[in-house]
Amino acid sequence: NEVVDRVYLYKAVIKNCKFTNTEFRNNSMTDVYFEDCDLSNCNMRNSSIHKVIFKNCKLLGANFTESSIGNLQFENSVLNLSLFGDSKLEKVIYRDSVLKSTDFYDCKFKKVDFNRCDIDGANFEQTSLNGIDISSSTFNELTVSISNLNGCKVSSNQAVQFATLIGLKIVD
């Protein structure tokens with residue numbers, strides 16, 4: 001339960017560290033590599049995070065709301081219950097990660113990929129999914145705005161799930 005003010009990380013490698021329940025105020029990260037770190041319940045609200053990689057990291061309940069996020073990779077990481085609401089995400093890759101019940105409310109996505117992720121229960125309400133490919137990811141339910149699904153790339157099984165959202169009755 002620490003408060004860290006005005007953290008500017010530049011060209012850093014951070015491995016096997018634990019920052020649980022840490023509040024990072026006025027945070028800026030560029031060219032940073034995190035591996036095997038626990039950042040659960042960290043508050044990185046209003047942060048600038050660019051060219052950062054999180055590999056094998058635990059970010060349960062991490063708060064990235066109202067942040068500027070670019071050229072970021074989450075690889076084999078756990079982000080359940082994390083918050084990205086009202087953030088701008090550009091060139092962000094989620095790969096082989098778990099994002100159960102993660103909140104992407106009213107985000108601005110540009111070149112965001114979800115590769116082989118578990119996005120069950122994620123909230124994409126008020127977020128355009130145009131050009132976003134979720135076809136290799138899994139979910140049982142999502143919260144989405146129907147009008148923002150236009151242009152989203154989904155698998156045939158996922159298309160059936162979304163068809164039921166708009167009231168279609170599928171028969172064989």
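Provided above is the structure to which this section pertains.
Just so we're clear, the structure is a prediction, and the values are computed from it rather than from any experiment.

Basis of the calculations
Residues numbered from 1 in each chain as written. Predicted model: local features only at pLDDT ≥ 70, side-chain atom pairs only at ≥ 80, totals over all residues. Heavy atoms only, no water. Phe/Tyr/Trp six-rings, centres within 6.5 Å; stacked < 30°, edge-to-face > 60°. Helix = DSSP H or I, 4+ residues; strand = E, 2+ residues; numbered from the N terminus. Buried < 20%, exposed > 50% of the residue type's maximum accessible area, 1.4 Å probe, protein only. Polar contact = N/O pair within 3.5 Å; in protein donor to acceptor, adjacent residues only side chain to side chain. Contact = heavy atoms within 4.5 Å. Salt bridge = Lys/Arg side-chain N within 4 Å of Asp/Glu carboxyl O. Core = buried A, V, L, I, M, F, W, Y, C linked by side-chain atoms within 4.5 Å.

Draft legend 1. The arrangement of the packing of aromatic side chains in detail. Counted under the stated rule, the structure contains 18 aromatic pairs. Between Tyr94 and Phe114 the ring centres are 4.9 Å apart and the planes differ by 5 degrees, which places this aromatic pair in the stacked class. Here Tyr94, found in strand 7 (residues 88-95), pairs with Phe114, found in strand 8 (residues 108-115); they are 20 residues apart in sequence, far enough to count as distant. For the pair Tyr94 and Phe114, one class covers both residues: buried. Aromatic ring contacts, followed pair by pair, group Phe34, Phe54, Phe64, Phe74, Phe84, Tyr94, Phe104, Phe109, Phe114 and Phe124 into a single cluster.

Draft legend 2. Region of the structure containing the side chain of Ser67. Residue position: Ser67 is located in the loop between strand 5 (48-55) and strand 6 (68-75). Among the polar contacts listed, one links the side chain of Ser67 to the backbone nitrogen of Asn46, at a separation of 3.4 Å. Once you skip the residues sitting within four places of it in the chain, Ser67 turns out to touch Met44, Arg45, Asn46, Ser47, Asp86, Ser87 and Lys88.

Draft legend 3. Region of interest: the pattern of salt bridges. Inspection of the entire model under this criterion finds 7 salt bridges. The partner of Arg116 in a salt bridge is Asp96, with the nearest N and O atoms 2.8 Å apart. With a gap of 20 residues between them, Arg116 in the loop between strand 8 and strand 9 (123-124) and Asp96 in the loop between strand 7 and strand 8 connect regions that are remote in the sequence. Owing to a relative accessible area of 46%, Arg116 belongs among the partly exposed residues under this scheme.

Draft legend 4. The arrangement of the nonpolar core in detail. Of all hydrophobic cores here, the largest spans 45 residues; its most connected members are Tyr94 and Phe114. Of all the secondary structure elements, the ones that give two or more residues to this core are strand 2 (8-15), strand 4 (28-35), strand 5, strand 6, strand 7 and strand 8. Excluding residues within four positions of it along the chain, Tyr94 makes contact with Phe74, Phe84, Leu89, Leu99, Phe104, Val112, Asp113, Phe114, Asn115 and Cys117.

Draft legend 5. Region of the structure containing the side chain of Thr102. Here Thr102 shows up in the loop between strand 7 and strand 8. For Thr102, a relative accessible area of 0% puts it in the buried group. Of note is the side chain of Thr102, whose polar atom sits 2.8 Å from the backbone oxygen of Leu79. Within the structure, the side chain of Thr102 is placed 3.1 Å from the backbone oxygen of Leu99, a separation counted as a polar contact.

Draft legend 6. Structural detail: unusual backbone geometry. A positive phi is found at Asn41, a non-glycine position, where the angle reads about 60 degrees. In this fold, Asn41 is placed in the loop between strand 4 and strand 5. Classification of Asn41 by relative accessible area gives partly exposed; the value is 45%. The phi angle at Lys91 is positive, at roughly 55 degrees, despite the residue not being glycine.

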